[in-house]
Amino acid sequence: MNCSKKVLTALFAVCMMICLTMSAEAAKKIVAVMPLENVSGFGDANVAEIMTEKLTVALQTSNRYSVIERNQMATVLREQGFQNITGSSAVEIGKLTGANYLLLGKVTMATVSTNANKSLLGGTGLEGFVNGVKGKVGVDIRFVDAETGEVIFAENFTGGKSGSTVIDAVNGACTEAAENFLKKLTANVMGRVADISGEEFYIDLGSDSGFKKGDTILIVRETTPIEVNGKVVGMKTIQIGKAKITEVNAEYSVCKVTNVQKGQTIKKGDVVKRG
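An account of the accompanying structure is given in this report. Numbers given to residues run from 1 along each chain, matching the order in which its sequence is written. The predicted nature of this model means local features are confined to residues of pLDDT at least 70 and side-chain atom pairs, given and counted, to a pLDDT of 80 or more, with totals for whole chains, interfaces and linings taken over all residues. Side-chain metrics rest on all non-hydrogen atoms present in the structure, leaving aside hydrogens and water.

**As for the overall build of the protein**
Alright, step 1. Of regular secondary structure, the protein possesses five helices and 12 strands.
Alright, step 2. The buried share of the protein, taken over its 275 residues, is 40%.
Alright, step 3. Contacts are assigned to residue pairs with any non-hydrogen atoms lying within 4.5 Å of each other. Restricting the contact set of the protein to residue pairs at least 6 apart, pairs at least 24 apart contribute 67%.
Alright, step 4. Here the protein displays about 14,700 Å² of accessible surface, and carbon together with sulfur accounts for 52% of that area. Helix and strand definitions here come from DSSP, where helices need a minimum of 4 consecutive H or I residues and strands a minimum of 2 consecutive E residues; each element is numbered from the N-terminal end. Each residue is placed in one exposure class: buried if its accessible area under a 1.4 Å probe, protein chains only, is under 20% of its type's maximum, exposed if it is over 50%, and partly exposed if it falls in between. Per-residue and other accessible areas follow the Shrake-Rupley method at a 1.4 Å probe size, with only the shown protein chains counted as cover for residues.

**As for the pattern of salt bridges**
Alright, step 1. For this document, the term salt bridge refers to a Lys or Arg side-chain nitrogen within 4 Å of an Asp or Glu carboxyl oxygen. Applying the stated rule across the entire model yields eight salt bridges.
Alright, step 2. The closest approach of N and O atoms between Asp145 and Arg192, which form a salt bridge, is 4.0 Å. In this pair, Asp145 is assigned in strand E5 (residues 133-145) and Arg192 in strand E7 (residues 190-197), connecting sequence segments 47 residues apart.
Alright, step 3. The shortest N-O distance in the salt bridge between Glu176 and Lys161 comes to 3.7 Å. Taken together, the positions of Glu176 in helix H5 (residues 166-188) and Lys161 in strand E6 (residues 151-163) put the pair 15 residues apart, joining distant regions of the chain.
Alright, step 4. In this structure, a network of salt bridges that share partners links the residues Asp145, Arg192 and Glu222.

**Brief notes about the nonpolar core**
One broad trend across soluble globular proteins is that nonpolar side chains are buried collectively.
Alright, step 1. We call a set of buried Ala, Val, Leu, Ile, Met, Phe, Trp, Tyr and Cys residues a nonpolar core when their side-chain atoms join them within 4.5 Å. Core analysis: the biggest nonpolar cluster contains 55 residues, and Met51, Leu59, Leu103, Phe143, Phe181, Phe201 and Ile217 have the highest contact counts within it.
Alright, step 2. In terms of residues, this core owes the most to one element, H5, which gives 11 residues.
Alright, step 3. The contact partners of Leu59, leaving out residues within four places of it in the chain, are Val31, Val33, Tyr65, Val67, Leu103, Phe181, Leu182 and Leu185.

Shown next as structure tokens:
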């Protein structure tokens, strides 16, 4: 093979790799992580910023989600003047950023102590502590569908780790809380019926969302909004039926109906989730 052919072959291989990478990235659901608020009263470390970063890393390293770049997110929030995110503003942010989901949260608890349970709050600095510093954090998270404004789940996650310094302990605790969040998210991922063909139908979730052949899914239908203090925090649903995944692709799956509630039929747009 002469030099020019080798160059063309190498360029073709690089192009193929880029295309495959872009295709894989496009298949991932996009998450907009809102900057978390610290309401814990803990002031020895920027725990809200650390928690935001740990949640971002957990989503990215799961290989199932893409996260909108922080500076881009900050620009959208600043230019649009978003403050208290409601169901309608979540949908608007989704349209502006292309996000499928929004993550909102508050750090509600953060403490550090020695093995002797001596509080280090209000200490003289982050460094200089010996081994045995215990950190614990708690974070309230709302994970929102940016298409509908529905709250997929709202839950408190905690983490606790030891370290040689306050910052080490807080970092470890935040990492554990983020990992616990990701476990919950993986178990609660939701999608929709994209198309129907007889007893088979297609959903917009595939292997990139952790689904595999043989998995059982539930089909539910959203009915009326759930409002709390004038804000839409979720949707009431009714169960339509169950199905089994018969074929899995990166971005979608084929399902076969196994059970339908009396008087119900599966429709395009119905919500699907793990059985």
